[in-house]
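What follows is the residue order along each chain.
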Amino acid sequence: MGSHKESTPDSPVPADHLPTPATEAGREGLAALLAHPGRAVIALDFDGTLAPIVPDPDRARAHPDAVPALAALAPKVASVAVITGRPAEVAVHHGGFADVPGLDHLVVLGHYGAERWDAATGTVTAPPPHPGVAAVRAELPGLLDAVGVGRDAWVEEKGRAVAVHTRRASDPQAAFDALRAPLADLAARHGLVVEPGRLVLELRPPGMDKGVALREYARETGAASVLFAGDDLGDLPAFAAVGTLRTEGTPGLLVCSGSDEVTELRERADLEVDGPAGVVTLLSALADRLA
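In this text the structure is predicted, and so the values were computed from the model without any measurement.

**Q** Is there a simple way to think about helix 2 (residues 66-73) in this case?
**A** Because the α-helix completes a turn every 3.6 residues, residues three or four places apart line up on one side. Counted residue by residue, helix 2 has 6 buried out of 8 residues, so it is predominantly covered. Every buried residue of helix 2 is listed here: Ala66, Val67, Ala69, Leu70, Ala71 and Leu73. In the core, the buried residues of helix 2 are packed alongside strand 1 (40-44), strand 2 (79-83), helix 3 (88-95) and helix 9 (275-290).

Here it is as structure tokens:
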């Protein structure tokens, strides 16, 4: 797919009309969504897509217009799902998704789909935690000191995973690069995998990713079209899943929440918007068109 930036700070997506995807497949996906919205699934990453990236992940919150935009759109489509590497309950809290009129059937697939929160019940379902996560957690402080980034890295406890952030370091990219191989070795010894992101390396159990989660959810809901919006390397499997669904006859639209830190999604997207604000504007424009 070719890259195409439909929205920049100088040319935002107008609220009263939809941008045109750069690819034929994207245009077909958007047309299918508009023709049969009651069978469309809107799937979205959280950090960097619905919420701006911030130095402290605990302080990340959804864009102030995200929940109103989702609440306006959700009743007009088959389903809205947030697919995130965060624990489901954390994403629900940071997003402000609970008890919102219009979001009665929102689903949050946390830990790359290993956890599921349903707005209809307000409960989370999940399998038992992988034992390797506790083992990795115990060894991390010593490893970070040995690599020489003990003071530069910040460890985020995610329950079913552990994430090491380098955004606060004096040289964030150098710290990130120094940690990649040691953390990959540590993860492999305990049966885990490493998921790289925007100045973050997450150690988590194998077998689930956003692509698996999206494919399973699309099939569960009988989706006739799928929109997925993401911003980071962890969203590439979901982009690939939309490609697979297309080959199976389900049109899809790939949206990149653009940033200067990750270019891989931009190169594969049908449509690029200007970060979370651009995603929100796109969702609002969809809701307006379907009204």
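**Q** Would you mind going over the sheet that holds strand 7 (residues 162-165) with me for this structure?
**A** Consider a sheet: its strands pair through backbone hydrogen bonds, and that pairing is either parallel or antiparallel. Here 4 strands make up an open sheet; going across it, the order is 6-7-9-8 and the pairing antiparallel. Where the open sheet ends on each side, the last strands, each with one partner, are strand 6 (154-157) and strand 8 (193-196). Strand-to-strand twist across the sheet, computed as the mean angle between neighbouring axes with direction ignored, equals 25 degrees. Where strand 6 meets strand 7, 4 bridges bridge the pair, whose relative direction is antiparallel. Of the residues in strand 7, the one forming a bridge with Trp154 is His165. Across the sheet, helix 4 (residues 131-147) is in contact with strand 6, strand 7 and strand 9 (200-204); its angle to strand 7 comes to roughly 20 degrees. Sitting on the sheet, helix 5 (residues 172-189) touches strand 7, strand 8 and strand 9, and the angle it makes with strand 9 is about 5 degrees.

**Q** What exactly am I supposed to notice about empty space enclosed by the protein here?
**A** Gaps left between atoms show up when a probe the size of a water molecule is rolled over them. For the structure on display, the rule yields 1 cavity of 30 Å³ or more. In terms of lining residues, the largest cavity is bounded by 28 residues, among which Asp47, Lys158, His165, Val200 and Asp232 are the most central. At the level of secondary structure, the elements contributing two or more residues to the lining of the largest cavity comprise strand 7, strand 8 and strand 9. Among the residues forming the lining of the largest cavity, the class breakdown is 10 nonpolar, 5 polar and 13 charged.

**Q** What should I look at first to understand the packing of helix 4 against helix 5 in this one?
**A** Two quantities define a packed helix pair, namely the angle between the axes and the distance from one axis to the other. Where helix 4 contacts helix 5, the two axes come as close as 11 Å, and the packing angle between them is 150 degrees. One way to sum up the angle between helix 4 and helix 5 is to call them roughly antiparallel. In terms of crossing hand, the pair formed by helix 4 and helix 5 is right-handed. Contacts from Val136, Glu139, Leu140, Leu143, Leu144 and Val147 of helix 4 reach helix 5 at Ala178, Leu179, Pro182, Leu183, Leu186 and Arg189. Partitioning the contact of helix 4 with helix 5 into residue classes produces 10 nonpolar, no polar and 2 charged.

Rules used throughout
Residues numbered from 1 in each chain as written. Predicted model: local features only at pLDDT ≥ 70, side-chain atom pairs only at ≥ 80, totals over all residues. Heavy atoms only, no water. Buried < 20%, exposed > 50% of the residue type's maximum accessible area, 1.4 Å probe, protein only. Helix = DSSP H or I, 4+ residues; strand = E, 2+ residues; numbered from the N terminus. Contact = heavy atoms within 4.5 Å. Pairing = 2+ DSSP bridges. Axes fitted to C-alpha atoms, helices over the stretch in contact; angles between N-to-C directions. 1 Å grid on protein atoms, 1.4 Å probe; cavity = no way out; pocket = protein on both sides within 12 Å on 5 of 7 lines; lining within 4 Å. Points joined across faces, edges and corners; volume = space filled by probe spheres on them. Nonpolar A, V, L, I, M, F, W, Y, C, P; charged D, E, K, R; others polar. Parallel < 35°, antiparallel > 145°, perpendicular 65-115°, else oblique. Left-handed = near helix turned anticlockwise from the far one by under 90°.

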